[in-house]
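# Architecture and fold: a report
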Amino acid sequence: MAIQRKPLVAGNWKLNGSDSLVEEMSSALQKAEISSSDVVICVPAPYLAKFQSSGFDIGAQDVSEHDAGAYTGEVSAEMLAECGAKWVIVGHSERRTYHAESDSQVAQKAAMAIKAGLTPIVCFGEEEEIRDNGTYTDHCIAQLAAVIDVLGIENFAQCVLAYEPVWAIGTGKTASPEQAQDMHKSVRDFIATHSADVAEGMRILYGGSVKADNASELFSQPDVDGGLIGGASLKAEDFIQICRSA
Ligand code: PEP
């Protein structure tokens, strides 16, 4: 019998937020009575502790690949866990692009997260020119293969994946439901070459200009298990509607 994957909606505030947004979002989510286990908000690290009282899962947006030491400005997975984080985004395209994070660093960050009891949301996705030249599936699978190489398939099973085509992030250019489904299915088939059970249970989110009016169609695809939401996670009403679509 096929495993039922519980949909997940993760918000990514990026470098946005304030005490008042934390309060507004916590109270809106509580009033909306959305099942708390299906929703996570990834906030800038200073808001982790403040958001904790909402009763919803909170996550960070990045983590150090190191445990401790002379790495000024870095925050370790253990520290995030102590601040109440249960999740952490790794390998977001903005980290890969602006901070030159490599596939192996992303894999190492995922490993640190798992060691500290956090669930890594591992982002992968192709730039527009890779989409246009047709090698996007190979590109994405190579990004994930690097993570499996470091974690091993048993630890990889503890991750959530997020397909985020770079050309769709913050651009208003959403992947079509068919493009998203096609990639998610290819990724699941690839994971099945390591373990059919891990492939079946793996939650693969879609991210890239998901809005209240396109979420239902994207989330209704058989291999799309929810979304990673950037801009629309800053507006309580929109985010709640997206959560309901999942
Ligand atoms: C993101 O930041 O991960 C993202 C998907 O952003 P947006 O929803 O704004 O495209």
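My aim in this report is to walk through the structure given alongside it, one point at a time. (Residues numbered from 1 in each chain as written. Predicted model: local features only at pLDDT ≥ 70, side-chain atom pairs only at ≥ 80, totals over all residues. Heavy atoms only, no water.)

## A word on the overall build of the chain
Threshold: Runs of H or I in DSSP of at least four residues are treated as helices and runs of E of at least two as strands, each being numbered from the N terminus. Buried means the residue's accessible area, taken with a 1.4 Å probe over protein chains only, is under 20% of the maximum for its type, while exposed means over 50%, and partly exposed covers the values in between. Residues count as neighbours in contact if any of their non-hydrogen atoms are within 4.5 Å of one another. Per-residue and other accessible areas were derived by the Shrake-Rupley procedure at a 1.4 Å probe size, with only the shown protein chains allowed to occlude residues.
Scanning the chain for helices and strands turns up eleven helices and eight strands. Its C-alpha atoms give the chain principal-axis dimensions of roughly 45 × 45 × 40 Å. Counting across all 246 residues of the chain, residues that qualify as buried make up 52%. Restricting to contacts in the chain with at least 6 residues of sequence separation, those with at least 24 account for 71%. Of the accessible surface of the chain, which amounts to about 10,900 Å², a share of 49% is contributed by carbon and sulfur atoms.

## Quick notes on the site of the ligand
The condition is simple: We call a residue near a molecule or strand whenever a single non-hydrogen atom of that residue lies within 4 Å of it. Contacts described as polar in this section are N or O atom pairs within 3.5 Å, which, within protein, must combine one atom able to donate a hydrogen with one able to accept it, while residues neighboring in sequence count only if both atoms come from side chains. Polar here means any residue outside two lists: the nonpolar Ala, Val, Leu, Ile, Met, Phe, Trp, Tyr, Cys and Pro, and the charged Asp, Glu, Lys and Arg; Gly therefore counts as polar.
Residues in contact with the ligand amount to 14 residues; listed here are only the nearest, Lys14, Glu164, Gly170, Ser209 and Gly231. In this structure, an oxygen atom belonging to the ligand sits 2.8 Å away from a side-chain N or O atom of Glu164. Bound to the protein, the ligand loses 98% of the 290 Å² it would expose on its own. Residues that form the shell around the ligand fall into these classes: four nonpolar, eight polar and two charged.

## Points about the packing of helix 5 (residues 103–115) against helix 7 (residues 136–156)
The test is simple: Think of each axis as a best-fit line through the C-alpha atoms, taken over the contacting stretch in the case of a helix, with angles from 0 to 180 degrees between the N-to-C directions. The labels follow the angle: roughly parallel below 35 degrees, roughly antiparallel above 145, roughly perpendicular from 65 to 115, and oblique for the rest. For any pair of crossing helices, the crossing counts as left-handed if the nearer helix is rotated counterclockwise from the farther one by less than a right angle, and right-handed if it is rotated clockwise.
Running from N to C, helix 5 and helix 7 point in directions that differ by 30°, and their axes come no closer than 8 Å. Judged by the angle between their axes, helix 5 and helix 7 are roughly parallel. Handedness of the crossing formed by helix 5 with helix 7: right-handed. Of helix 7, the residues touching helix 5 (which contributes Asp103, Ala107, Gln108, Ala110, Ala111 and Ile114) are Ala142, Gln143, Ala146, Val147, Val150, Leu151 and Asn155. Taken together, the residues of the contact of helix 5 with helix 7 sort by class into nine nonpolar, three polar and one charged.

## Thoughts on the pattern of salt bridges
Filter applied, for reference: The salt bridge definition used is simple: a Lys or Arg side-chain nitrogen within 4 Å of an Asp or Glu carboxyl oxygen.
Tallied over the full model, the rule gives 17 salt bridges. Note that Asp62 is salt-bridged to Arg95, the shortest N-O span being 3.2 Å. Placement of Asp62 in the loop between strand 3 (57–60) and helix 3 (77–82) and of Arg95 in helix 4 (residues 93–98) is noted, with a sequence separation of 33 residues between them. Classification of Asp62 by relative accessible area gives partly exposed; the value is 22%. A relative accessible area of 23% means that Arg95 is categorised as partly exposed. Measuring nitrogen to oxygen at the nearest pair gives 2.9 Å for the salt bridge that ties Asp189 to Lys185.

## Quick word on helix 11 (residues 236–245)
Three- or four-residue spacings in an α-helix give side chains the same orientation, since the helix completes a turn every 3.6 residues. Condition: The directions considered for the arc run from the helix axis to the C-beta atoms.
All buried positions along helix 11 are accounted for by Ala236, Phe239, Ile240, Ile242 and Cys243. Down the axis of helix 11, the buried side of the element spans an arc of 160°, and every buried residue falls inside it. Across from the buried face of helix 11, at angles greater than 90 degrees, the exposed residues are Glu237 and Arg244. Packing partners of the buried residues in helix 11 comprise strand 1 (8–12), helix 1 (19–32), strand 2 (39–42), helix 10 (215–219) and strand 8 (226–229).

## A short note on the packing of aromatic side chains
For the record, the criterion: Pairing of aromatic side chains here covers Phe, Tyr and the six-membered ring of Trp, requires ring centres within 6.5 Å, and sorts the geometry by plane angle: under 30 degrees stacked, over 60 edge-to-face, intermediate tilted. A ring is scored as having a charge over it whenever the NZ atom of a lysine or the CZ atom of an arginine sits within 6 Å of its centre and within 35 degrees of its normal.
All chains considered together, the criterion is met by three aromatic pairs. Ring centres of Trp13 and Phe51 lie 5.7 Å apart, and the angle between their planes is 55°; this geometry places the pair in the tilted category. With a gap of 38 residues between them, Trp13 in the loop between strand 1 and helix 1 and Phe51 in helix 2 (residues 48–51) connect regions that are remote in the sequence. Each member of the aromatic cluster is reached from another via a ring pair, and the members are Phe124, Tyr163 and Tyr206. Note that Arg131 overlies the ring of Tyr136, its terminal NZ or CZ placed 3.6 Å from the centroid.

## Regarding the environment of Asp103
Following the sequence through the fold, Asp103 ends up in helix 5. Those residues in contact with Asp103, other than ones at most four positions away along the chain, are Arg96, Ala142, Gln143 and Ala146. At a separation of 2.7 Å, a polar atom in the side chain of Asp103 contacts the side chain of Arg96.

In short, shape yes, function no, at least from these values alone.
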